[in-house]
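Chain and residue survey
The residues making up each chain are set out below.
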Amino acid sequence: MSSALTQLASEADCHLNSCGFPAPGLHTFNFEPLFTVGSVEVNKPMLLSVIAMLAVIGFFWAAFARPKLVPGKMQLVGEIGYDFVKRSIVLDSIGKKGQKYVPMMVSLFFFVWIMNVMSIIPFAQFPVTSKIAFPAGLAAVVWITYMTLTFKKHGFVGGLKNLCWPSGIPGWVMFLLVPIEFFSNIFVRPFTLAVRLFANMFAGHLLIVMFSIASWYLLTPSVGALYAGASFVVTLGLTAFELLIQFLQAYIFVMLASSYISGALEEAH
């Protein structure tokens, strides 16, 4: 049951003129453990992330386990998704050198997208990436890859120069730019990569929950029913808009990850 439906169930008799509006808040994103594996307590977002991972692995395994020259429907869909990430994101950002990073970026894209889409799947109805730990973990994977490639390609001194020393800039301004570039590339990039995904999914889910609860709260045998209907229409509109945002956030996440790898492989900024 979603957090919104759980709150609706607990406030079943709460309507306009009978109680205050049961506004959603941070408690909407808190979940009790569903079960325990050893010493690890597994809650709903954790379970959904595992389901998303298995869905991505299962789909591509089924699509490409026995590839055919004339692809079937599943293989065709898999090829379209793979080629979209490969051509529209990775090769556009990195070029031919990005070919070896396509599997990683395809995995990231579909994993992030499915975790986002969980917010509109019945009985799931929660975007996993609205919990900051998940975007932070994925951003850490990108950042570690970015740093590893930078120093592997250029060495320690060359890597620091790649990160901190912009080319074509007068030397007298370097004492200002070097600390800014260092702070930006080492700290700001992974932070913004994680927060951008988290904040969009958090805000979108909170809005949908608020208008869902409002639809029930305003549903009374009076003029409030009109407001309830309007709130329900807004909920449907927000859900449709959220579908677009879920895709865009996965696209942006992988596009930025590809641009960071591209920067690591380049000789200069």
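About the cut-offs
- Counting restarts for each chain: residues are numbered from 1 in the order of the written sequence.
- A pLDDT threshold of at least 70 governs which residues receive local features in this predicted model, and a stricter bar of 80 or more applies before side-chain atom pairs are shown or counted, although totals over entire chains, interfaces and linings include all residues.
- Side-chain calculation: all heavy atoms of the structure are included, whereas hydrogens and water are not.
- Note on conventions: DSSP H or I runs of at least 4 residues are helices, E runs of at least 2 residues are strands, and numbering of each starts at the N terminus.
- By definition here, a helix of n residues has an expected span of 1.5 Å times n minus one.
- By definition, residues are in contact when any of their heavy atoms lie within 4.5 Å.
- N or O atoms within 3.5 Å of each other form a polar contact, as long as, within protein, one can give a hydrogen and the other can take it, and as long as residues adjacent in sequence are counted only when both atoms are side-chain atoms.
- Residue-level confidence of the predictor, termed pLDDT, takes values from 0 up to 100.
- Pairing of aromatic side chains requires ring centres within 6.5 Å, counting the rings of Phe and Tyr and the six-membered ring of Trp. Pairs whose planes differ by under 30 degrees are stacked, by over 60 edge-to-face, and all others tilted.
- The classification of residues rests on relative accessible area computed with a 1.4 Å probe and restricted to protein chains. Under 20% of the type maximum is buried, over 50% is exposed, and intermediate values are partly exposed.

Now for helix α2 (residues 44-64). Between its first and last C-alpha atoms α2 spans 30 Å; for 21 residues at 1.5 Å apiece the expected length is 30 Å, and the two agree. Those residues of α2 that are buried lie in contact with α3 (73-94), α4 (102-117) and α5 (133-164). Put simply, Asn43 is the residue that caps the front of α2, since its side-chain oxygen is 3.2 Å from the backbone nitrogen of Met46.

Where the model shows low pLDDT, its predicted coordinates should not be examined in detail. Per-residue confidence for the protein chain averages 87 on the pLDDT scale, and 90% of its residues sit at or above 70. The element-level mean pLDDT for the protein chain is lowest in helix α1 (residues 3-10), coming to 48, with α4 highest at 96.

For the rest of this paragraph, the subject is the packing of aromatic side chains. Summed over all chains, the structure comprises 19 aromatic pairs. Their ring planes at 10 degrees and their centres at 6.1 Å tell us that Phe60 and Phe64 sit as a pair that is stacked. You can see Phe60 and its partner Phe64 sitting in helix α2, 4 residues apart, about one turn around the helix. Here the aromatic rings of Phe110 and Trp113 are separated by 6.1 Å at their centres, their planes lie at 50 degrees, and the arrangement is tilted. Linking Phe110 with Trp113, this pair stays in helix α4, spanning 3 residues, or about one helical turn. Accessibility expressed as a relative area gives 12% for Phe110, which makes it buried. The rings of Phe59, Phe60, Phe64, Phe84, Phe109, Phe110, Trp113, Phe247 and Tyr251 are connected pair by pair, giving a single aromatic cluster.

Mapped onto the elements, Met118 comes out in the loop between α4 and α5. In this structure the C-alpha to C-alpha distance between Met118 and Pro45, which are 73 residues apart in sequence, comes to 9.6 Å. Here Met118 is in contact with Leu48, Ile51, Ala52, Ala124, Gln125, Phe126 and Val128, once residues within four sequence places are set aside.

With that settled, consider the environment of Met105. Along the chain, Met105 turns up in helix α4. Owing to a relative accessible area of 0%, Met105 belongs among the buried residues under this scheme. If we ignore the near neighbours within four places in the chain, the residues touching Met105 are Val85, Val90, Val254, Ala257, Ser258 and Ile261.

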